[in-house]
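Take a look at the letters that make up each chain.
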Amino acid sequence: QFQLAESGGGLVQPGGTLRLSCAASGFTMDYYAISWFRQAPGKEREGVSCIEIRGVHVNWADSVEGRFTVSRDSAKNTVHLQMNSLKPEDTAVYYCARGYACLRGGVWDVWGQGTQVTVSS
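Basis of the calculations
Residues numbered from 1 in each chain as written. Predicted model: local features only at pLDDT ≥ 70, side-chain atom pairs only at ≥ 80, totals over all residues. Heavy atoms only, no water. Helix = DSSP H or I, 4+ residues; strand = E, 2+ residues; numbered from the N terminus. Contact = heavy atoms within 4.5 Å. Core = buried A, V, L, I, M, F, W, Y, C linked by side-chain atoms within 4.5 Å. Buried < 20%, exposed > 50% of the residue type's maximum accessible area, 1.4 Å probe, protein only. Pairing = 2+ DSSP bridges. Axes fitted to C-alpha atoms, helices over the stretch in contact; angles between N-to-C directions.

(A) Looking closely at the environment of V93. Looking at where V93 falls in the secondary structure, it is placed in strand β9 (residues 92-99). A C-alpha to C-alpha distance of 9.3 Å links V93 and R45, two positions 48 residues apart in sequence. Apart from the residues within four sequence positions on either side, V93 is in contact with F37, R38, Q39, G114, T115 and Q116.

(B) Expanded view of the nonpolar core. The biggest cluster of nonpolar side chains holds 28 residues, and the ones touching the most others in it are L4, M29, W36, F68, L81, M83 and Y94. Sort the elements by how many residues they give to this core and strand β3 (residues 18-25) lands first, with 4 residues. The residues contacting M83, other than those within four sequence positions of it, are G16, T17, L18, L20, R67, F68, Y94 and V117. Residues A33, F37, A97 and W108 belong to the second largest nonpolar core, which totals 7 residues.

(C) Main features of the sheet that holds strand β7 (residues 68-73). Pairing in this open sheet of 4 strands is antiparallel, and the strands run β1-β3-β8-β7 from one edge to the other. Each edge of the sheet is formed by a strand with only one pairing partner; in this case those strands are β1 (3-7) and β7. Each strand axis lies, on average, 20 degrees off the axis of its neighbour in the sheet, ignoring direction. Sheet topology places β3 next to strand β8 (residues 78-83); 6 bridges connect them, and they run antiparallel. The residue bridging R19 from the neighbouring strand is Q82, located in β8.

(D) A look at the pairing of strand β5 (residues 46-51). Counted residue by residue, β5 has 5 buried out of 6 residues, so it is predominantly covered. Bridging between strand β4 (residues 33-39) and β5 involves 5 bridges; their strand directions are antiparallel. Residue pairing for β5: F37 is matched across the bridge by G47. Count of turn residues in the β5/strand β6 (residues 57-59) antiparallel hairpin: 5 residues, of which G55 carries a positive phi of about 95 degrees.

Bear in mind that shape data such as this cannot, by itself, settle questions of function.
This is the structure we're talking about:
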């Protein structure tokens, strides 16, 4: 069975830092594109960032450019989302998903359960 599990969310003050993790079971993440989406209350799900199979990192949301970075830890079969200079508008549930290329409209066939990120003073 293919599964993803996010962790690392929490409450952080504006300007703070969090690192989210997405751990896989049942498959090797290196063979897939892994994306991060988020959904804030009352808003549609938004694609945030993605890492290609070859390790190229893409930010889909202009609002996170220069602040968010995706990286792989192949030894731990995990992908991380490093979030710096967090803003209240980054508050959302963050999900990771498995796909085949970093295309926002592409096929994302395995999803994690989500982790809450709250940015507030």
